[in-house]
Amino acid sequence: MATWNHILLIDSNSPLMEQLNFFHDHTLLIITLITILVGYNMLSLLTNSFINRFLLHGQLIEIIWTILPAIILLFIAFPSLRLLYLLDETNKPSLTLKSIGHQWYWSYEYSDFKNIEFDSYMVPSAELNEGDFRLLDVDNRIVLPNHTQIRLIATATDVIHSWTVPSLGVKIDATPGRLNQTNFYMNRSGLFFGQCSK
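Residues numbered from 1 in each chain as written. Predicted model: local features only at pLDDT ≥ 70, side-chain atom pairs only at ≥ 80, totals over all residues. Heavy atoms only, no water.

1. Here we look at the sheet that holds strand 4 (residues 149–156)
At step 1: The five strands are arranged 3-2-1-4-7 in an open sheet whose pairing can be described as mixed. Two strands in the sheet have a free side with no partner beyond their single neighbour: strand 3 (117–121) and strand 7 (180–185). Strand-to-strand, the axes of this sheet are offset by a mean angle of 25°, without reference to chain direction. (Pairing = 2+ DSSP bridges. Helix = DSSP H or I, 4+ residues; strand = E, 2+ residues; numbered from the N terminus. Axes fitted to C-alpha atoms, helices over the stretch in contact; angles between N-to-C directions.)

This is the structure we're talking about:
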């Protein structure tokens, strides 16, 4: 779980979150290289008094500084499109969990079993034990198997909610009157916190 002194992204617990971390690092490297190049050019313009008359008006240099950014954008766009496709792909889920957002709590139903449903409320600050997290701990936690493809179906009863678990790379809107679907796969067992981010 992220705390106040974390600089990097939180540890991933799913293959999708690992891919999101890789894409973040890939894009950050490209942005860093662009920033260094532009900063160097600006510094050299401020400190250099030489003027190259062929650099001011030239067809070739205009073609280069038009095509080069387009090629750089392709290096960002293709991995991004691949990742968007992977996030939306559903691969034969073994378990379905239905999540219903309410104003101050979530209701859950294990759709593959009969009559397994419960409400999950936040633990009030006055009732927290030592080591519990304020505004994150709940009275009834979801129990899910690891190394299993899980489908999550989200909806809401009153307003728009967003079911989010950052370490799984899952964020889905729960909208009244609609069923939204996503899937995730957990690599390891553990206690993972999420919250409504809307």
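2. Examining a nonpolar patch on the surface
At step 1: Taken together, Ile 63, Ile 67, Ile 71 and Phe 75 make up a surface patch of nonpolar side chains, about 370 Å² in accessible area.
At step 2: Residue placement: Ile 67 occurs in helix 3 (residues 59–88).
At step 3: Judged by its relative accessible area of 45%, Ile 67 is partly exposed. (Patch = residues over 30% accessible without salt bridge, like charges linked within 9 Å, V, L, I, M, F, W, Y side chains within 5 Å. Areas by Shrake-Rupley, 256 points an atom, 1.4 Å probe, with all protein chains shown as cover. Salt bridge = Lys/Arg side-chain N within 4 Å of Asp/Glu carboxyl O. Buried < 20%, exposed > 50% of the residue type's maximum accessible area, 1.4 Å probe, protein only.)

3. Observations regarding the packing of aromatic side chains
At step 1: Overall, the coordinates contain five aromatic pairs when judged by the stated rule.
At step 2: A ring pair is formed by Tyr 110 and Phe 118, whose centres lie 6.3 Å apart and whose planes are at 35°; its orientation type is tilted.
At step 3: Classification of Phe 118 as partly exposed rests on a relative accessible area of 22%.
At step 4: Ring centres of Phe 133 and Phe 193 lie 5.2 Å apart, and the angle between their planes is 75°; on these two criteria the pair is classed as edge-to-face. In this pair, Phe 133 sits in the loop between strand 3 and strand 4 while Phe 193 sits in the segment after strand 7, placing the two residues 60 residues apart along the sequence.
At step 5: Chaining the aromatic ring pairs together yields one cluster made of Tyr 108, Tyr 110 and Phe 118. (Phe/Tyr/Trp six-rings, centres within 6.5 Å; stacked < 30°, edge-to-face > 60°.)

4. Considerations on the side chain of Gln 149
At step 1: By secondary structure assignment, the location of Gln 149 is in strand 4.
At step 2: Setting aside its immediate chain neighbours within four residues, Gln 149 contacts Asn 91, Lys 92, Pro 93, Ser 94, Leu 95, Asn 183, Phe 184 and Tyr 185. (Contact = heavy atoms within 4.5 Å.)

5. A word on the layout of surface pockets
At step 1: Here the largest pocket defines a volume of roughly 930 Å³.
At step 2: In terms of lining residues, the largest pocket is bounded by 37 residues, among which Tyr 108, Leu 136, Val 138, Gly 194 and Gln 195 are the most central.
At step 3: Those elements that provide at least two residues to the lining of the largest pocket are strand 2 (105–110) and strand 5 (161–165).
At step 4: The element best represented in the lining of the largest pocket is strand 5, accounting for four residues.
At step 5: Across the lining of the largest pocket, the residue classes break down as 22 nonpolar, eleven polar and four charged. (1 Å grid on protein atoms, 1.4 Å probe; cavity = no way out; pocket = protein on both sides within 12 Å on 5 of 7 lines; lining within 4 Å. Points joined across faces, edges and corners; volume = space filled by probe spheres on them. Nonpolar A, V, L, I, M, F, W, Y, C, P; charged D, E, K, R; others polar.)

6. Observations concerning the pairing of strand 2
At step 1: Relative to strand 2, strand 1 (residues 95–101) runs antiparallel, the two sharing five bridges. The residue of strand 2 that forms the bridge with Lys 98 is Glu 109.
At step 2: Hairpin connection from strand 1 to strand 2: three residues lie between these consecutive antiparallel strands.
At step 3: Note: strand 2 against strand 3, five bridges, orientation antiparallel. Following the sheet pairing, Tyr 105 is matched in strand 3 by Tyr 121.

None of this, on its own, says anything about what the molecule does.
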